[in-house]
Each structure stands twice: as structure tokens, then as C-alpha cells.
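One-letter residues, chain by chain:
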Amino acid sequence: MKRKLEVKGTIIIGDPCELVKSEEDWQLCKWGEHLEKIGLKNFLYIEFEEDAPNIVDSNGNKLGSFCTDSAVIVVLLLDDLLNYNPNFNEHIAYPQNWTIIKDFCGTVKPKTIAGVKHIIGEGNISFHTVFEEE
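Read on for an overview of the structure. (Residues numbered from 1 in each chain as written. Predicted model: local features only at pLDDT ≥ 70, side-chain atom pairs only at ≥ 80, totals over all residues. Heavy atoms only, no water.)

Details of empty space enclosed by the protein
According to the stated counting rule, one finds one cavity of 30 Å³ or more in the structure shown. Approximately 40 Å³ is the volume attributed to the largest cavity. Lining the largest cavity we find L19, V20, L35, I38, L40, V74, L76, L81 and Y84. Classifying every residue of the lining of the largest cavity gives nine nonpolar, no polar and no charged. (1 Å grid on protein atoms, 1.4 Å probe; cavity = no way out; pocket = protein on both sides within 12 Å on 5 of 7 lines; lining within 4 Å. Points joined across faces, edges and corners; volume = space filled by probe spheres on them. Nonpolar A, V, L, I, M, F, W, Y, C, P; charged D, E, K, R; others polar.)

In C-alpha cells, the structure reads:
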């Protein structure tokens, strides 16, 4: 399993159960851990709390948020997701479920700070997760 994702392009961060096309694919990819089994090869799988954090840039500007029902988050290129699931665009109307960061070039990795899992992006658009109580 990857510990970081180096990527160039528009990324999406969200619960893989919201991104797969079907229950069959959800089981086939082992609940997001093996997205390569459904054709998504370049992704980062992160076990995550069920809290709904915000994602902010290095200036504190909110880029988005996400929620997770499966206690898992994945980061992948939006183009790769749309190649696999062209109908996903129909669901973009629910921005609270995932964050899309356009034209990101850099590295995304999980980091545990004071016992809390965070997502850190370092690159042309640096970002990190922030929880309500922080």
C-alpha cells in the first residue's frame, strides 16, 4: 500500500464507496483498498475517522470538505475516476461529500498529529485537513 501519492492534475479526495459504480465493484476492490482491481491504478488509500473535516490551503482558505461512511478516504485523479465512472459527474452536485482540487502538482500523504489522522498536500497548492475543534 502506498504511503504517499505523487500526482499532477485535478485530484478528488473522498470516500471510495461514493466513487465506485456498483456494489459489485465496491466488493471487488475490497472496500477501496484495491481500486486497481477496477482499473484505478494511481491512488492513495487512507483509513480515516468518520468525522467530516475541512480541507484548507496554506493561507487557511477552505478548499472543500468530505465525509466518510466507510472510515476510508482515497485520493486520485479526477480524470482517472471519470474514465472508470463517467456518470460520476452527475454526483458532483454534492460538494460536501468530497473535495476537488484543480491543477494540483505535488505529493499527498496521511500524517498523524496528536493521535488524529490528517491529509497533507505539498505542492503548488499546499493543503491540509482541519477539524471543527481545531
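Read on for the rest.
What to know about the pairing of strand β2 (residues 43-47)
With four of five residues buried, β2 is to be regarded as a mostly interior element. For β2 and strand β5 (residues 72-77), the ladder comprises five bridges, and the chain directions are antiparallel. Each residue of the ladder has a partner; that of Y45, found in β5, is V74. (Buried < 20%, exposed > 50% of the residue type's maximum accessible area, 1.4 Å probe, protein only. Helix = DSSP H or I, 4+ residues; strand = E, 2+ residues; numbered from the N terminus. Pairing = 2+ DSSP bridges.)

What to know about the sheet that holds strand β7 (residues 116-123)
Taken in spatial order, the eight strands make up an open sheet running β2-β5-β1-β6-β7-β8-β3-β4, and their pairing is antiparallel. Two strands close off the open sheet at either side, each with one partner strand: β2 and β4 (62-65). Between one strand axis and the next, the sheet turns by 40° as a mean value, whatever way the strands run. (Axes fitted to C-alpha atoms, helices over the stretch in contact; angles between N-to-C directions.)

Observations regarding the pattern of salt bridges
Applying the stated criterion across every chain, the model contains two salt bridges. Where E122 meets K109, a salt bridge forms, and the shortest distance between an N and an O atom there is 3.7 Å. Of this pair, E122 sits in strand β7 while K109 sits in strand β6 (residues 98-113), and the two are 13 residues apart along the sequence. With a relative accessible area of 28%, K109 lands in the partly exposed category. (Salt bridge = Lys/Arg side-chain N within 4 Å of Asp/Glu carboxyl O.)

Focus: the pairing of β6
Here nine bridges tie strand β1 (residues 5-14) to β6, and the two strands are oriented antiparallel to one another. For I12, the partnering residue across the bridge sits in β6 and is I100. Of the pairings in the sheet, the one linking β6 to β7 comprises eight bridges and is antiparallel in character. Bridge pairing in β7 places P110 opposite I119. Taking the residues that link successive antiparallel strands as the turn, the β6-β7 hairpin has two residues, and the phi of A114 there is positive, at about 50°.

Focus on the environment of K8
As for its position among the elements, K8 is in strand β1. On the accessibility criterion, K8 (69% relative accessible area) is exposed. Taking the C-alpha atoms as reference points, K8 and K102, 94 residues apart in sequence, are found 9.7 Å from one another. Once residues lying within four places of it in the same chain are set aside, the contact partners of K8 are L77, F104 and C105. (Contact = heavy atoms within 4.5 Å.)

Section: the packing of aromatic side chains
Applying the stated criterion across every chain yields a total of four aromatic pairs. Arranged with centres 4.9 Å apart and planes meeting at 55°, the rings of F88 and W98 form a pair that is tilted. With F88 in the loop between α3 (78-84) and β6 and W98 in strand β6, this pair connects stretches of sequence that are ten residues apart. Per residue, the accessibility class of F88 equals that of W98, and both read buried. Relative to F127, the ring of F104 lies with its centre 5.5 Å away and its plane at 65°, an arrangement referred to as edge-to-face. In this pair, F104 is assigned in strand β6 and F127 in strand β8 (residues 127-130), connecting sequence segments 23 residues apart. Each member of the pair, F104 together with F127, is buried. (Phe/Tyr/Trp six-rings, centres within 6.5 Å; stacked < 30°, edge-to-face > 60°.)

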